[in-house]
Amino acid sequence: TISGKLRNGSFEVNGNVSSQYITGLLLALAALDGDSAVILKTELQSKPYVDMTIKVMKDYGVDIRETDFGYLVKGGQKFKVQDYIVEGDWSQAAFWTVGGALGAGITASGVDFASLQGDKAVVEIMQRMGADIAKNADSVTVNSGATQATIIDASDCPDIIPVLTVLAAVSEGTTKIINAGRLRIKECDRLAAMTSELNKMGAAITEEPEGLTITGKPEGLRGGVEVDAWNDHRIAMSLAIAAQCCAEPITLTGAGSVSKSYPDFWEDYKSVGGKIEVLA
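Keep in mind the model is a prediction, meaning the values are calculated, not measured.

Caption draft 1: Examining the pairing of strand β6 (residues 132–135) more closely. Looking at chain direction, β6 and strand β7 (residues 139–143) are connected through four bridges and run antiparallel. Across the sheet, the residue bridging to Ile 133 is Val 142, located in β7.

Caption draft 2: Looking closely at the environment of Thr 147. Here Thr 147 is to be found in the loop between β7 and β8 (151–153). As a C-alpha pair, Thr 147 and Gly 130 span 17 residues in sequence and 5.0 Å in three-dimensional space. Setting aside anything within four residues of it in sequence, one finds Thr 147 in contact with Met 129, Gly 130, Ala 131, Leu 167, Ser 171 and Glu 172.

Caption draft 3: Quick look at helix α7 (residues 233–242). Most of α7 is tucked away: ten of the ten residues are buried. Taken together, the buried positions of α7 are His 233, Arg 234, Ile 235, Ala 236, Met 237, Ser 238, Leu 239, Ala 240, Ile 241 and Ala 242. Where α7 starts, the residue carrying a side-chain oxygen 2.9 Å from the main-chain nitrogen of Arg 234 turns out to be Asp 232.

Caption draft 4: Geometry of unusual backbone geometry. With a phi close to 55°, Asn 179 is a non-glycine residue in the positive phi region. For Asn 179, the location among the structural elements is in the loop between β9 (174–178) and α6 (190–200). A relative accessible area of 36% means that Asn 179 is categorised as partly exposed. Positive phi, normally seen in glycine, also occurs at Asn 231, with a value near 55°. Mapped onto the secondary structure, Asn 231 falls in the loop between β13 (226–228) and α7. For Asn 231, a relative accessible area of 51% gives the class exposed.

Caption draft 5: Region of the structure containing the pattern of salt bridges. The full count for this structure, using the stated rule, is 13 salt bridges. As a salt-bridge pair, Asp 159 and Arg 190 come within 3.4 Å of each other at their nearest N and O atoms. Separated by 31 residues along the polypeptide, Asp 159 in the loop between β8 and α5 (161–169) and Arg 190 in helix α6 bring together distant segments of the chain. In this pair, the class of Asp 159 matches that of Arg 190, namely buried. Through salt bridges with shared partners, a single network forms among Asp 159, Glu 187, Arg 190, Asp 232 and Arg 234.

Caption draft 6: Representation of the sheet that holds strand β10 (residues 204–208) in the model. Here four strands make up an open sheet; going across it, the order is β8-β9-β11-β10 and the pairing mixed. Each edge of the open sheet carries a strand with a single partner, namely β8 and β10. Put simply, the sheet's adjacent strands are angled 15° from each other on average, direction ignored. Across four bridges, β9 lies against strand β11 (residues 211–215) in antiparallel orientation. Bridging from a neighbouring strand, Ile 177 pairs with Leu 212 of β11. Here α6 sits on the sheet in contact with β10 and β11, set at roughly 160° to β10.

So, how was this worked out
- Residues numbered from 1 in each chain as written.
- Predicted model: local features only at pLDDT ≥ 70, side-chain atom pairs only at ≥ 80, totals over all residues.
- Heavy atoms only, no water.
- Pairing = 2+ DSSP bridges.
- Helix = DSSP H or I, 4+ residues; strand = E, 2+ residues; numbered from the N terminus.
- Contact = heavy atoms within 4.5 Å.
- Buried < 20%, exposed > 50% of the residue type's maximum accessible area, 1.4 Å probe, protein only.
- Polar contact = N/O pair within 3.5 Å; in protein donor to acceptor, adjacent residues only side chain to side chain.
- Salt bridge = Lys/Arg side-chain N within 4 Å of Asp/Glu carboxyl O.
- Axes fitted to C-alpha atoms, helices over the stretch in contact; angles between N-to-C directions.

See the structure below:
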C-alpha cells in the first residue's frame, strides 16, 4: 500500500541487492524540489547499470554527482525533450555470441563496444575462454570453436551468467562462477535453475552458495529430456542455446517467458537456423 508523495532527503540503500532500486531513486529524486542523497550501506554491485543511468540522465540535461557515500542529487532538475537513439542490448547479444561459438557462427549487430553496459564483458570472458571472436564497427561475429574453462566473476554482469553457464558446460576443464549470489533473487533462483535443467540434459554442474562449479563436457550434452524455464526469460533463452549442444532434442516448457524482455527471440532463433516446434 502506497500513499502520499515522495519527499527529498537522505535514502539509505543496500548496494548488493539490486542496482534497480538505486537507478529508480536517481530518476525520481532529480524531479523533486529539494536536494537528496542516496547513501549506500554496502559496496555497490552491478555498478555499470547505475553508470548507464547517470550517463543517459546527463544526456537529457540532468546531473547526478557520485560521492564517497553514494550519490548526491540536486532537486528541481528538468529532463529536456529530444530524440534519442537507445544503444543495443549486450544482455541479449550474449545469447547470440554464445550461440555462435557453439554453432556455425553468428553476427550480432547493433552493439556498441564503448557502452557502459556491464554485460559487454561477455566478449572479454569468451575471448578468455578461447572463443573465435571478431569485433566490427557496430557488431560482433563469433564462430564455432573449442573453448576452455575460466573463472567468471558475476559481480558486474549477473544477467549473462545463465548463458555463460551453457558455454562452460561444454568447455574443456572446470569453470568457476563466483560472486553470483544475487542470481538467487532474480525472476527465479537462476543458480538453482541452470544447475537443475542443464544437469537433466547431461551437464555436470554443482551449486555453491555464491556461484557454480561446472565440469565441462566438450563432447556435448545428451538432451532428449523435458526442461523448464522456471518462468524466467533468461533461463528459457539459455536453454534454447544449450539445445544445439545436445545429441537429442529437448522439450522446453515455459518458453513464453521470453516475452518479458525479448518477444521476438524465437523468430530470431529460427532466423539463424534454430529448429523449433510449438507444442499445444
